Amino acid sequence: MFATKRLGKELSKMQSGLPNGIELIKADDFKEWLLDIRVVDANPIYQGEVYRIKFMFSPNYPIEAPEVVFVQDESHPIPYHPHIYSNGIICLDLLDRTGWSPVHNVESVCISLQSMLTGNTKKERPPGDENFVRSNTQRPRDINFVFHDPHV
């Protein structure tokens, strides 16, 4: 019930306008939303690219962080970044149980992801990407990432 009320407010605000480079694609219910983001600065790694993000909400949102992943289709690649796995899973403390706060929302997560991409200078995957993608069976929110990179 709380999630529905909060997401209804967020959706209403988002429909009246979002920051540059963020577009709401689908929000038919309060379980899963799709948004597109693009880097608006002149970072050559991401120039001209549009990335699709899927938000999955539990009934405990916003007390519990949404599950957020990049999704790939014919026109949306998974961005190269040292904290984004090739299956779209994002290693970002904001999305972790200990880093999440109910003051965050869908828009603030999108802005954080834009910022993370804007500041990146390496077109690479995280160390161990291939093994992680092949062997991981956990949902993104159940993964215990170790956050050790002060640049993100």
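Everything below is about the structure printed above this text.
Owing to the predicted nature of the structure, the values given are computational and were not obtained by experimental measurement.

Turning our attention to the environment of S135. Along the polypeptide, S135 turns up in helix 3 (residues 129-135). The partly exposed category is assigned to S135, whose relative accessible area is 45%. A polar side-chain atom of S135 sits 2.7 Å from the main-chain carbonyl oxygen of N131.

The element strand 3 (residues 51-56) is extensively covered by neighbouring structure, given that five of its six residues are classed as buried. Judged from the six bridges that link them, strand 2 (residues 32-37) and strand 3 form a sheet pairing that is antiparallel. For L35, the partnering residue across the bridge sits in strand 3 and is I53. As paired strands, strand 3 and strand 4 (residues 67-71) are joined by five bridges and run antiparallel to one another. Residue pairing for strand 4: R52 is matched across the bridge by V71.

Take the side chain of D129 next. Mapped onto the secondary structure, D129 falls in helix 3. As a buried residue without a salt bridge, D129 has its nearest oppositely charged side chain in R125, at a separation of 4.7 Å. Setting aside residues no more than four positions away along its own chain, D129 makes contact with Y85 and S86.

What follows concerns the pairing of strand 1 (residues 22-26). Direction of pairing for strand 1 relative to strand 2: antiparallel, over a ladder of four bridges. Along strand 2, the bridge assignment pairs L24 with L35.

We now examine the sheet that holds strand 1. The strand order across the open sheet built from four strands is 1-2-3-4, with neighbouring strands paired in antiparallel fashion. Strand pairing shows two members of the sheet lacking a second neighbour, strand 1 and strand 4, which therefore form its edges. For this sheet the average axis-to-axis angle between neighbouring strands, irrespective of direction, equals 30 degrees. The strands that helix 1 (residues 2-15) touches are strand 1 and strand 2; relative to strand 2, the one it contacts most, it runs at about 30 degrees. Here helix 2 (residues 106-118) sits on the sheet in contact with strand 1, strand 2, strand 3 and strand 4, set at roughly 35 degrees to strand 2.

Criteria and thresholds
- Residues numbered from 1 in each chain as written.
- Predicted model: local features only at pLDDT ≥ 70, side-chain atom pairs only at ≥ 80, totals over all residues.
- Heavy atoms only, no water.
- Helix = DSSP H or I, 4+ residues; strand = E, 2+ residues; numbered from the N terminus.
- Buried < 20%, exposed > 50% of the residue type's maximum accessible area, 1.4 Å probe, protein only.
- Polar contact = N/O pair within 3.5 Å; in protein donor to acceptor, adjacent residues only side chain to side chain.
- Pairing = 2+ DSSP bridges.
- Lys, Arg positive; Asp, Glu negative; His and termini not counted.
- Salt bridge = Lys/Arg side-chain N within 4 Å of Asp/Glu carboxyl O.
- Contact = heavy atoms within 4.5 Å.
- Axes fitted to C-alpha atoms, helices over the stretch in contact; angles between N-to-C directions.

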